[in-house]
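For reference, the chains in residue letters:
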Amino acid sequence: MNAFSSRVASPPYRITTIVCAITCALAPAYVVRWHIGAYPTTLLEIAIAVSVVAFAVEYFRNSRLLVWRTPLLWPAALFLVAGAISVVTAPSITAAAGLYRAYLIEPIAFGLVLVNVLRTSDRAFVVAAGLAAGAGAAGIANSAVVLNGLLQHTYNVAETPPVVIYSTANAVALFEGPVVALAIGLAVHGTRPYERWAGAVFAALGVIVVALSFSRGGYIALAAVVVAAAVSHRRRWILLGAAAVAFAVFAAVPPIFRRIDIELHNVYGNTVQSRIDLWTAAIKLLEHRPVFGAGLSGFQERAAPYYTHLHTQANFIDPHNIVLNFWVETGLLGLIAFVWITFVAVQISWRGWTSSAMNWRPYHLGVLLALIAVVVHGMVDVPYFKNDLSLEFWTIVAISVAGVIWSRSEAERPTVPRDEKALVG
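Below: a short report on this structure.

Quick notes on the rules
- Residues numbered from 1 in each chain as written.
- Predicted model: local features only at pLDDT ≥ 70, side-chain atom pairs only at ≥ 80, totals over all residues.
- Heavy atoms only, no water.
- Salt bridge = Lys/Arg side-chain N within 4 Å of Asp/Glu carboxyl O.
- Buried < 20%, exposed > 50% of the residue type's maximum accessible area, 1.4 Å probe, protein only.
- Helix = DSSP H or I, 4+ residues; strand = E, 2+ residues; numbered from the N terminus.
- Expected span 1.5 Å × (residues − 1).
- Contact = heavy atoms within 4.5 Å.

## Some details on the pattern of salt bridges
- All chains considered together, the criterion is met by six salt bridges.
- Measuring nitrogen to oxygen at the nearest pair gives 3.4 Å for the salt bridge that ties Arg101 to Glu106.
- Under the relative-accessibility criterion, Glu106 is labelled buried at 12%.
- Residue Glu195 is joined to Arg192 by a salt bridge in which the shortest nitrogen-to-oxygen separation is 2.7 Å. In terms of burial, Glu195 and Arg192 fall into one category: buried.
- Linked through salt bridges whose partners overlap, the residues forming this network are Glu45, Arg101 and Glu106.

Listed below in structure tokens is the structure:
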């Protein structure tokens, strides 16, 4: 990493940091939609645009060079190329272009902004707090409705849980899980009291939210995160024992036990059976379109001839498996790109966890745990192809990339001089 010479009290991009944190808090607000003329947009998209504009203003005002040559440059570029091809090969180019903008261009641009802006671990905390605020607001609202249904006996856990902001309860757990993982990293290894307390409070809240989402995939992902976090600690055996007891108590709660028990019975229509039907249809589709897949927004239409049960066709617009999702939506090239992105992100986070500045290490571990949540839950669901989830993914990855790039500068407390060179991680 390049050495930095000049020193000032605080790094640049203070306003952009605040705007980016607000944008993260507004991640669930993609459900607020309207049109500007013929152009469809969302509140989240506007917030992302404001973040980019704020960054551009501070960037040009200080005559700085853009930090863009990171280890994720080429896999992200390949992902953008794969997405562009998937727009052209989709059944509806208009619909696919909208998804390309929302799922690839905007979140990747936001991640690039964060890599430049998050020059201290304090700023990483501010942005992480923004994600937690968004996840907390959406999660508490949904949990309140579910809890009220349970208390009033108007909700049967054998049925799909009620929702408030999102269209499905699984969407709550998908967004909540990685944020809970980041919070657990801070709670277990935070170097400052406010990190440990804030992490512990949100982790506890997040566990309750995931529990009341009744998402079996969310339960498995949460268990994987807790085990990995326990293993990372020097008192791992004590923590693993405590986690085992907590899991047993968790599973014994009557509504949760009933929800899990449904999957243990061979009844057609349960989650396992519907996923098998869905994956079978996706594989048959890929046998006929192995290179390009269905194209962005094309799965539901192009998979229809391969379904064996009509209820599966009606309920799903994605294959609900992390490998099949990227292969179907962005083709074989997109799958390769995302595997590359994930592999590099894991490498960066592991390197940061083992050798970065002490203040940054809990964030790197949190990102590792969040990636575990994404991959594990992604085995049975769609952990990326939503506006909030794609923003969350690139935000979390950007935190780790920024930590590797800027950890030395935080230790030395300098700023980047006007003639800085673009950094290579």
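Past the structure itself, the notes keep going.
## Some words on helix α15 (residues 361-378)
- For α15, with 18 residues, the first-to-last C-alpha span of 25 Å sits near the 26 Å given by 1.5 Å per residue.
- Counting buried positions along α15 gives 14 out of 18 residues, so the element sits mostly inside the fold.

## Section: the environment of Ile372
- Structurally, the position occupied by Ile372 is in helix α15.
- What makes Ile372 partly exposed here is its relative accessible area of 29%.
- Residues Ile372 and Pro178 lie 194 residues apart in sequence; the distance between their C-alpha atoms is 8.2 Å.
- Ignoring any residue separated from it by four or fewer positions in sequence, one finds Ile372 in contact with Ala224, Val225 and Ala228.

Interpretation note: all reported values are geometric properties and have no functional meaning in isolation.
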